[in-house]
Amino acid sequence: MVVVAPSMLGADFGRLREMAELVAPISGYLHMDVMDGHFVPNLTMGPDTVSALKGLAPLDVHLMVTDPCNFIEPFVEAGAAMISVHVEANEAMKAIRMIKEKNIKSGIAIKPSTPLESVMQFLTPEYYEADMVLVMSVEPGFCGQKFHPEALERIGKIREMKPEVLIEVDGGIGTENAKSVQDAGADILVAGSAIFNAEDPLTAAKKIAGLE
Ligand code: DX5
Ligand code: ZN
């Protein structure tokens, strides 16, 4: 079954908790986009923002930072149920090991422009096998970009090679393409602007999750 993970970056930060409370009951996770202004040209949220939403739904922290190892501990303390780091970041393997040592779920994220082969070493037991692959379907940095259809083929390839790994897809997902992303093999659909720019965010989130 697919679950929806609303990207809180798409919400009005002045009403962040209110918006999270609205969508949390039907959300598998609340997706929290952490950007350092270096790995991507944007600054977003830190551990205090993440912990402000603790207890509403499991928190899925997507680190778009150059040095993820510096941030594992603070986000675990903030209440993360899952942390993803980018394969393009420094010491990604060490970061995955650190996350696993904290007994929470680990994800390896990949940008659309990075060859898929680079995540494969994270999916073999000889290394520190990640629980999830986060397939980016837009270049990371901002909400509201257009879905890259090439992501569908990537999802299929990962699913074929590793049937049991969780696959999360992030970027440009809305009610019009959620079903095709799910059919390609995704388990978790992240959506920001399609939910929080909608007149009725809860209904939009339900539709993306296939609940309505
Ligand atoms: C992009 C972020 C995404 C983004 C999704 O760097 O990782 O999670 O907030 O927003 P939409 O759904 O609007 O593409
Ligand atoms: Zn994200």
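Going by the structure above, here's the rest.
Residues numbered from 1 in each chain as written. Chains lettered and ligands numbered in written order. Predicted model: local features only at pLDDT ≥ 70, side-chain atom pairs only at ≥ 80, totals over all residues. Heavy atoms only, no water.

Novice: Hey, could you run me through the overall build of the protein chain in this one?
Specialist: Along the backbone of the protein chain there are nine helices and eight strands. Whereas a compact globule of 212 residues would reach a radius of gyration of roughly 17 Å, the protein chain reaches 15 Å, a difference of no more than 12%. Out of the 212 residues belonging to the protein chain, those deemed buried represent 51%. In the protein chain, once contacts between residues fewer than 6 apart in sequence are set aside, the share between residues at least 24 apart is 62%. A total of about 9100 Å² of accessible surface is found on the protein chain, and carbon and sulfur atoms cover 51% of it. Seen as two clouds, the 17 positive and the 30 negative side-chain charges of the protein chain have centres 2 Å apart. (Helix = DSSP H or I, 4+ residues; strand = E, 2+ residues; numbered from the N terminus. Rg over C-alpha atoms; globule rule 2.2 N^0.38 Å. Buried < 20%, exposed > 50% of the residue type's maximum accessible area, 1.4 Å probe, protein only. Contact = heavy atoms within 4.5 Å. Areas by Shrake-Rupley, 256 points an atom, 1.4 Å probe, with all protein chains shown as cover. Lys, Arg positive; Asp, Glu negative; His and termini not counted. Charge placed at Lys NZ, Arg CZ, Asp CG, Glu CD.)

Novice: I keep staring at the site of ligand 1 and nothing clicks. Help me out?
Specialist: Inspection of the region around ligand 1 gives 20 residues, with Asp33, Gly141, Asp170, Gly192 and Ser193 positioned closest. Between ligand 1 and His31, the relevant distance is 3.4 Å, taken from an oxygen atom to a side-chain nitrogen or oxygen of the residue. Measuring from an oxygen atom of ligand 1, one finds a backbone N or O atom of Gly141 at 2.7 Å. In isolation ligand 1 offers 380 Å² of accessible surface; the protein chains occlude 100% of this area. A molecule is said to occupy a pocket when more than half its atoms come within 2 Å of that pocket's grid points, and by this definition ligand 1 occupies the largest pocket. Secondary-structure elements contributing two or more residues to the shell around ligand 1 are strand E2 (30-35), strand E3 (59-64) and strand E8 (188-191). (Near = heavy atom within 4 Å. Polar contact = N/O pair within 3.5 Å; in protein donor to acceptor, adjacent residues only side chain to side chain. 1 Å grid on protein atoms, 1.4 Å probe; cavity = no way out; pocket = protein on both sides within 12 Å on 5 of 7 lines; lining within 4 Å. Sits in = over half its atoms within 2 Å of the grid points.)

Novice: What's the story with the side chain of Ser84 in this structure? I'm lost.
Specialist: Turning to its location among the elements, Ser84 is positioned in strand E4 (residues 80-86). For Ser84, a relative accessible area of 0% gives the class buried. Ignoring any residue separated from it by four or fewer positions in sequence, one finds Ser84 in contact with Val61, His62, Leu63, Gly107, Met132, Leu134 and Glu168.

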